[in-house]
Structures are given as C-alpha cells and as structure tokens.
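One-letter residues, chain by chain:
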There are 2 protein chains.
Amino acid sequence: MSSVPTATVSRLVTYLRILTQLEAQGVKKTSSEHLADEAQVSAFQVRKDLAYFGRFGTRGAGYTVPTLRRELRRILGLTRPWSAAIVGVGRLGEAILHYPNFSDYDFVLKGAFDIDPNKVGFELGGVKIDHIDELPRVVREKGIDIGFITVPQTAAQGAADALVRAGVRGILNFAPTIIDVPKEVHVEPVDFLAGLKRLSFYILNPQLREELV
Amino acid sequence: MSSVPTATVSRLVTYLRILTQLEAQGVKKTSSEHLADEAQVSAFQVRKDLAYFGRFGTRGAGYTVPTLRRELRRILGLTRPWSAAIVGVGRLGEAILHYPNFSDYDFVLKGAFDIDPNKVGFELGGVKIDHIDELPRVVREKGIDIGFITVPQTAAQGAADALVRAGVRGILNFAPTIIDVPKEVHVEPVDFLAGLKRLSFYILNPQLREELV
DNA sequence: ATATGTGAATTGATTCACAGCG
DNA sequence: CGCTGTGAATCAATTCACATAT
C-alpha cells in the first residue's frame, strides 16, 4: 500500500455516497458493475480502487451494502466526527454555518472567526463568532482538526498561516488562490471560479474532453 | 492536439490567475520557473502544459506577462463574457448571487430560479428570481450558456434535466451528487463535502499523499 | 454460473535532457 | 549564455483477461 492515486480517493468518496443512498433505500446487495454505473466509471476501476485497501466482496455474489459502506467509512476516517472551524463569516461562511445536519456528515462546526467587530460575539447556526485573534486559543480549547477558509483572496494566506500555527491538520480552502502550508498540513481546494473557467474551456473544446464511458 | 490532460486545464487556470496578479503588480516579464514556484508545480510541467497550445515565450528571455495572460484567456475562452443562471436560491445560491464583481471574472449572472413562491419575483444582487417553470423561456431569451445547480441533492438531477432541455452547454454542480447529462453538455462539480472527506482520508494517511515537490 | 480480485498489458502523464533560438 | 520548446524515457494509472472463490 505504498501509494494510492488521488483519483481513487475521490472515487471512494463517490462510492460511499452511492452506498449510503442504497442503504437508505433498503437495498442489501450490490455489485462492482452497479456501483460503476452510478459513479460513471468502469467496473474494473471500482474493483481496482477497492483492491488498494483489501477484499470486501464475495465472488459470485457481489458486495453487501452495509458492510462495504462501513468499510469505506473506516478507510476514509469517517467513523469519528472531525471538529472544524470557519475563518471568514461573509455570505459564503454564513451559508456553510447554516448547512443543515452537518453532523450527519461526520463533521462538527465548533468555531467561527472574523475580523469585523460587528460580527464578533454574535451566534450563527449555533456557533459563536470570535475575533480572529482568539483563533489559537479556541482551536486549542475545542480541539479543532480542520479549518475552512472563506475569506477574500487577499486574506487567504494569512488565514492559512493562523490556522497552521494553531495546529490544524487540514484546510478546506474556498478562496480562489493557492495557499502555502507546511507539508504535514493537507489542503483541499474548493474553487468554483476555477471550475467555471474549466467549463469555459471544455464548452469551447468539446473534442478535448475525456470520455465519460 | 488530439488530447489535453484535464490536469493541464486546471493548471492553465492557475497560471492565468498568477499572471493576472503579476500584471496588476505591474510586472512585465516572468519565466516558467517563477510560474512553477507560484503554482506549486515543476518548471517542466509549465512548459509542457503551454506546449499543448503553441509557443508563447522567447528563448533566453522568458514570457511577457500581458502577452501570455492574453493567450491563456483566449485558450480558456475567457475573451467574451459567458451568460450564467442559477437554479436554487437558498443560502448558497444567495452567496453566489452577491459575489462581488462577477463580470470581472468573465461571467455574467443573468437569471435565477427557485420553486418557492415566496422567493419568485424578488430581486437579489441585481438579478430577478423567476419560477423554475420559466426556465426554458428565460434561458432562451437571455442566451444563457451555463447553469449553476445550488438546489438540495434530491433536486439536483431534475434541475440538470431542465437546464439541459433548455439548451445550456455547461453546468457547475454544487450539489453533492453525480448528475447524468448528455455527452455534449459539460459538468464541473464543486463539491465541498467530497473535499472534506478527502481531507479526512489524507489527515489519517499522510504517507499516501502525493509529493508536493 | 457468476462476479470478485489481481497480475500483465496498455495507455496516459510527467520528468528529463538537450536541441534550438534569441 | 539563458531559458524555452520538445522528443525520448520514465513513471503512474487504467484497462484487460482470466484465475479464483462461492
């Protein structure tokens, strides 16, 4: 298990979502082919992705939905809830603070920070907004693992630096810029402007798009 | 030019952002090495990515910032403004409707749709909210190219179907689910819950992360 | 009979080394 | 002489075919 393609990790997340839907529908068994159809990949790919982590099926019979779902949750580290905090309570930050049933998704929002004195002290979505200067203390006291960056582009690197100094282990970066962090901190970008620009390219160059079958 | 890696398209977007910042700072010249540092990739990679589309530099001297920026904007199709509409005016939809200076980003939001009669008829961020039944007419009349899906997961496929029937050419999908569209329509996912789950995996398995140079 | 699991083959992307040009 | 541009080599990911287990 020396290395796993990043694309495999993304697909595991997709398979887990499909399995969660199947379980909610009361479906008990599935197959690599069915998962592949739903995830828009090949059945080979599903089996190879799972093979990086072990054997989860029964030959001739397929996969048991609750079992495979549990295994994927374990592999992805979603058995305990992670603690998260949000830096930047603008409109996007507010939208995330109000995201319904966050804990259903294995994450708990425990902190929110902003630099604007008009926002500090208020509560949104059950979370108190602290001044950014309080970040180190709150992150330590509440055991925050993950920081969300929802500040403007120009403030993103500063927010990342503050989160790293306070000891978070991962950052979800909504700002449209690349941030620099030490190698032991992982960053996942969530950049809709970049997505829009890729869309522009592929609309103009449909022949350069990868096949979806 | 039979095929271009999707990773290359993502990196072109990053290079363009860096060039835009350099131009705003009045910097006139740059190099593959400088761009590589900023984008957190190798200089080989920058030159190879650009080589898919032509020759844009001067040997021995590097790249002229405004020239390369203009070329990348042309390659990505960002010379004209694209028309976009948003389906689902919840908190996330509102956050996007208020996104400052959208037109600076080569996109113009011309329409917004919701199913809630309490929202229809109001205006947000200068855009009138129409009932979703009006989508086909408005998309045609306003020449909408791109649809944003910001509805709940269960409504995402229906929203996609409506957009496709109305003739959009691309979809930016913020809903945490895979949507099915005909192959001539391109979809870019913007899925922060998936990003969070990847983060969980990489925090637990730091040794499985790809090297960042 | 059927669908998984996996080494081998293929395809694709990145890295390299240096030729080419200013 | 310096930095780009690019074929060749390496490395990685996907696809395939089939052996394997139930």
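Presented here is an overview of the structure given in this document. All figures in this text were calculated on a predicted structure; none of them were measured in a lab.

Criteria and cut-off values
Residues numbered from 1 in each chain as written. Chains lettered and ligands numbered in written order. Predicted model: local features only at pLDDT ≥ 70, side-chain atom pairs only at ≥ 80, totals over all residues. Heavy atoms only, no water. Least-squares fit on C-alpha atoms with pLDDT ≥ 70 in both. Contact = heavy atoms within 4.5 Å. Salt bridge = Lys/Arg side-chain N within 4 Å of Asp/Glu carboxyl O. Helix = DSSP H or I, 4+ residues; strand = E, 2+ residues; numbered from the N terminus. Buried < 20%, exposed > 50% of the residue type's maximum accessible area, 1.4 Å probe, protein only. Near = heavy atom within 4 Å. Polar contact = N/O pair within 3.5 Å; in protein donor to acceptor, adjacent residues only side chain to side chain. Nonpolar A, V, L, I, M, F, W, Y, C, P; charged D, E, K, R; others polar. Buried area = accessible area lost by both parts, 1.4 Å probe. Axes fitted to C-alpha atoms, helices over the stretch in contact; angles between N-to-C directions. Parallel < 35°, antiparallel > 145°, perpendicular 65-115°, else oblique. Pairing = 2+ DSSP bridges. Arc of directions from axis to C-beta.

**A few points about the relation of the copies chain B and chain A**
Link 1 in the chain: At an RMSD of 0.0 Å, chain B and chain A line up after a rotation of 180 degrees and a shift of 0.0 Å along the axis. Both copies are brought into coincidence by an operation consistent with a two-fold rotation axis.
Link 2 in the chain: Interface residue correspondence from chain B to chain A reaches 100%, placing this contact among same-surface, isologous pairings.

**Considerations on the pattern of salt bridges**
Link 1 in the chain: Inspection of the entire model under this criterion finds 20 salt bridges over all chains.
Link 2 in the chain: Between Asp106(B) and Arg73(B) there is a salt bridge; the shortest N-O distance is 3.2 Å. Of this pair, Asp106(B) sits in the loop between α5 (91-97) and β4 (107-114) while Arg73(B) is found in helix α4 (residues 65-76), placing the two residues 33 residues apart along the sequence.
Link 3 in the chain: Here Asp106(B) falls in the buried class, since its relative accessible area comes to 11%.
Link 4 in the chain: Connected via shared salt-bridge partners are Glu134(A), Arg137(A) and Glu141(A).

**What about the protein's contact with DNA strand C?**
Link 1 in the chain: In the region of DNA strand C, 24 residues are neighbours, and Ser32(A), Arg47(A), Arg55(A), Gly57(A) and Gly60(A) sit closest.
Link 2 in the chain: The protein-proximal atoms of DNA strand C, defined as those within 4 Å of the protein, are 68% sugar or phosphate.
Link 3 in the chain: Here Arg55(A) contributes a side-chain N or O atom positioned 2.7 Å from a phosphate oxygen of DNA strand C.
Link 4 in the chain: A distance of 3.0 Å separates a phosphate oxygen of DNA strand C from a polar atom in the side chain of Tyr63(A).
Link 5 in the chain: For the surface near DNA strand C, the secondary-structure elements that each account for two or more residues are α3 (43-51) of chain A together with α1 (6-24) and α3 (43-51) of chain B.
Link 6 in the chain: If one sorts the elements of the surface near DNA strand C by residue count, α3(B) sits on top with 4 residues.
Link 7 in the chain: In the surface near DNA strand C, the residues fall into 6 nonpolar, 9 polar and 9 charged.

**A short note on the interface of chain B and chain A**
Link 1 in the chain: Contacts between the two partners involve 68 residues from chain B, matched on the other side by 68 residues from chain A.
Link 2 in the chain: Buried area between chain B and chain A, summed over both chains or domains, comes out near 6,400 Å², and the portion from carbon and sulfur atoms is 67%.
Link 3 in the chain: Summed over the shared surface of chain B and chain A, the result is 4 salt bridges.
Link 4 in the chain: Here Arg198(A) and Glu188(B) are joined by a salt bridge, their closest N and O atoms 3.0 Å apart.
Link 5 in the chain: Put simply, chain B and chain A have 22 residue pairs in polar contact (both at pLDDT 80 or more) between them.

**Quick look at the packing of helix α2 (residues 32-39) of chain B against α3(B)**
Residues and elements named next belong to chain B.
Link 1 in the chain: One can describe the packing of α2 onto α3 by two numbers: an axis separation of 8 Å at closest approach and a directional angle of 105 degrees. In terms of orientation, α2 and α3 fall into the roughly perpendicular class. When α2 is examined against α3, the residues Ser 32, Glu 33, Leu 35 and Ala 36 are found in contact with a partner set consisting of Ala 43, Val 46 and Arg 47.

**Here's the deal with the sheet that holds strand β8 (residues 170-173) of chain B**
Residues and elements named next belong to chain B.
Link 1 in the chain: Across the sheet, 7 strands lie side by side as β5-β6-β4-β3-β7-β8-β9; this open sheet has mixed pairing. Of all the strands in the sheet, just β5 (123-124) and β9 (186-189) have a single pairing partner and so form its edges.
Link 2 in the chain: Strand direction decides the pairing type here: strand β3 (residues 82-87) and strand β7 (residues 146-149), joined by 4 bridges, are parallel. Each residue of the ladder has a partner; that of Ile 86, found in β7, is Phe 148.
Link 3 in the chain: Running over the sheet, helix α6 (residues 135-142) touches β3, β4 and β6 (127-131) and is turned about 165 degrees from β4.

**Some details on α3(A)**
Residue and element names in this part refer to chain A.
Link 1 in the chain: Along α3, the residues classified as buried are Ala 43, Val 46, Asp 49 and Leu 50. Considered in projection along α3, the buried side chains sweep an arc of 125 degrees and stay on one side of the axis. Opposite the packed face of α3, turned more than 90 degrees from it, sit the exposed residues Phe 44, Lys 48 and Ala 51.
Link 2 in the chain: Residues of α3 that are buried sit in contact with α1 (6-24), α2 (32-39), β2 (63-64) and α4 (65-76).

**As for the protein's contact with DNA strand D**
Link 1 in the chain: Every one of the 24 residues lining DNA strand D counts as a neighbour, but Arg59(A), Ser32(B), Arg47(B), Arg55(B) and Gly57(B) are closest to it.
Link 2 in the chain: Among all atoms of DNA strand D positioned within 4 Å of the protein, those belonging to sugar or phosphate total 61%.
Link 3 in the chain: Contact between DNA strand D and Phe56(B): a phosphate oxygen at 3.0 Å from a main-chain N or O atom of the residue.
Link 4 in the chain: Mapped by element, the contributors of at least two residues to the surface near DNA strand D are α1 and α3 of chain A together with α3 of chain B.
Link 5 in the chain: In terms of residues, the surface near DNA strand D owes the most to one element, α3(A), which gives 4 residues.
Link 6 in the chain: Its residues assigned to classes, the surface near DNA strand D shows 6 nonpolar, 9 polar and 9 charged.

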